Amino acid sequence: MTVPAPPHETTPSADALTVRQQQILLLLQKGKGNKEIASELGIHVGTVKQHVVALFKKLNVRNRTMAVALSSSLADPATSLPLTRPADLSAHTTAAVQATMPAASSLLEKRPCVILSLSIGPRDEQAPLPDGLTIDARQQGARRLHATLAAQAYDHDAILLARRGCAAEIIFGVQRTGEHDLLHALRSAQAVVSDLAQTVPAAAAFLHAGLTAGLAVASMRPQGGWTGEAIASAGFSAARTLSDQAPAGHLQFDESARTLMQSVGIGLSGGLLPVQNILPLGELHHLHAHDRQPDGPLRGRSLELSTLYTLLERAQRFGGALALVSGEAGMGKSHLCRAFSERCGKDGLQVIRWRCQPADTPHDGPPSALLLCDDAPRPHRLDDLLAALKAPDTKAPDTPAVVIPAVVIIDDLHWLPPSLQTRLFEAVTLRLAAPAAPGLLIILAQRRLRPAQRAQLPADGPMVATISLHRLPQDTIAHLTADRLHSLPASSPACQQIARQAHGVPLFAVELARQSGPLPPASGSVRSLPLSLLSLVSARLDHLGLNRRLLWAVAHHRSGLTAKNLTAILHLSLPETESAIERAILSGVLAAGPDGTLAFNHPLLRAVIEYLALDKPLS
């Protein structure tokens, strides 16, 4: 989605507001609700509401979304995102419908996002150009910059803010949050670099880039998707500042982006990142999604490890064997594969491990995929893996010439496009059917093995095992948390509280322990959560397309709600409300009690939804 940057509208200056109104406007920009503002300023909620109404009148806006968007302009008109009119917002075919939606049909929400800012030469068009950069090259480069980013925005459901002159920002995560928005942002910068190098090399050397990650406040449709009304984030200014400060030909990122990279495993070889948070733009192609490095031993998966050892013994005695490992995000599939690989290495067995990278296929292009292989200096295409499976020694390209491997692990298979998964399954089936001496164990790990996929592979039997990773007991999660906190035992209140909140999901416990600690026990809510968790949960909710008002209402009403209570809150008929509830239950997000009251299946889901919601549902 491309958003042209229009001229700033005529708006009141900050001086036109009272001191109290300026304080409240600043807190609104930070995403504070009326109760939070009242608590922070030491005034009554009713007084806050009166100030908010007065603000709306002075700013000539009708809702918080527009007020938040204007607040950046009042603070820094030169660098802030201007308030845009609906008619200016999008070239998408659905934009006209979204832009004409009434304010009552939109929800104000905090959205995890990644913002990439790019410019050719100085951002100020009046500033002198550096030696070697001509006006013509800069203008041609700007056209290529905007064209390349527009294609990236289309492919990744991002929003492009095409600024006048030679600069632009692209925002990932507002329209639809993805687990790998940060990686897509880096690949978008790489795409710009590659295009400029081929088309306008005189401009490529003067490209500056800045990258940040955080939260944006946006008006969202109840079923998901940006309404096109407004968007605001301090990240816009931060990304532009990083870009301006970056040396020519370099990308500079801040600590928030670095922390997110480390959480999701993005880095150079081995997952490492430069100490100074600056990368040459020509080296972005070396950044890939690696393993999240564990801080302790594998916990609670002894039965699964035993199953893999048994299969390996059978494979070495009787021929090829297959293990199908599955589990939802954060259950430890990669950790299990890594622990098994390390154990095999200690036993003197050769293991080759492939990791699929998130697909970066254009909407109108052929499916493609990248894979990383242990000890290989470069990423590979799927054809390299297929060739390795067909070869007698199953040796991966660029790996040392060693003995025939005992184990081949293909991890994160869910990132492969379906058509490429089919090709891989065919190759695996043929390899297992071929004579092998000694026998080979192939491990396929992914989030969910669909029935159609399972039908393409050999049936369960002595040589084939299906391993499903389920949630871990609270005591196991407490020990896992203690591994990360180091100084605290598993029996400590902090470890026990995180274990309760993680509700059996290892990744949730790891991220809570690593970045923010347990949530406040009194309220059950949270002042802040790791961006990695916010992104993971938001990505899942966006994929499901559930009614946001429904989820927000259940999150904010501690006493429990039924379908009858929700009809008034959602402004839907009883059948429509029941349909929305049924969908949320079938998705596994909500559960209904014997009396019909609704609750979240996972406490952290509730905390995230409550934290991200800004428009509080009515009682």
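Here is what the cut-offs are and how they apply
- Residues numbered from 1 in each chain as written.
- Predicted model: local features only at pLDDT ≥ 70, side-chain atom pairs only at ≥ 80, totals over all residues.
- Heavy atoms only, no water.
- Buried < 20%, exposed > 50% of the residue type's maximum accessible area, 1.4 Å probe, protein only.
- Helix = DSSP H or I, 4+ residues; strand = E, 2+ residues; numbered from the N terminus.
- Pairing = 2+ DSSP bridges.
- Expected span 1.5 Å × (residues − 1).
- Arc of directions from axis to C-beta.
- Contact = heavy atoms within 4.5 Å.

J.: Teacher, can you tell me more about the pairing of strand 4 (residues 167-172) here?
T.: Within a regular beta strand, the side chains point alternately toward one face of the sheet and then the other, so they alternate between its two faces. Across the 6 residues of strand 4, 6 count as buried, placing the element largely inside the fold. Side chains of strand 4 alternate between two faces, with Ala-167, Glu-169 and Ile-171 and Ala-168, Ile-170 and Phe-172 buried alike. Note that strand 2 (residues 107-120) and strand 4 share 6 bridges and pair antiparallel. Residue pairing in the sheet places Val-114 in a bridge with Phe-172 of strand 4. In this structure, strand 3 (residues 159-162) lies alongside strand 4, joined through 4 bridges in antiparallel fashion. Opposite Leu-160, over in strand 4, you have Ile-170 as the bridge partner. Following strand 3, the chain reverses through 4 residues before pairing antiparallel with strand 4; Gly-165 in that reversal takes a positive phi of roughly 85°.

J.: It is not clear to me how helix 22 (residues 574-586) should be interpreted in this structure. Could you clarify?
T.: In an α-helix there are 3.6 residues to a turn, and that puts residues three or four apart on one side. Along its 13 residues, helix 22 runs 18 Å from first to last C-alpha, staying within 8% of the 18 Å computed at 1.5 Å per residue. Every buried residue of helix 22 is listed here: Thr-577, Ala-580, Ile-581 and Ala-584. An end-on view of helix 22 places all buried positions within 100° of arc, on one side of the element. Opposite the buried face of helix 22, by more than 90 degrees, sit the exposed residues Pro-575 and Leu-586. Looking at the packing, one finds that the buried side of helix 22 touches helix 20 (548-556), helix 21 (563-570), strand 18 (590-592) and strand 19 (598-600). One or two positions beyond helix 22, positive phi appears at Gly-588, with a value near 90°.

J.: I tried to follow helix 10 (residues 255-264) on my own but got confused; where do I start?
T.: Of all the positions in helix 10, only Ala-257, Arg-258, Leu-260, Met-261, Ser-263 and Val-264 are classed as buried. Phi turns positive, to about 85°, at Gly-265, one or two residues after helix 10.

J.: I keep staring at the environment of Lys-35 and nothing clicks. Help me out?
T.: You can see Lys-35 is positioned in helix 2 (residues 34-41). Looking at Lys-35, the relative accessible area reads 68%, which means it is exposed. As for Lys-35 and Val-48, which are separated by 13 residues in sequence, their C-alpha atoms are 8.3 Å apart.

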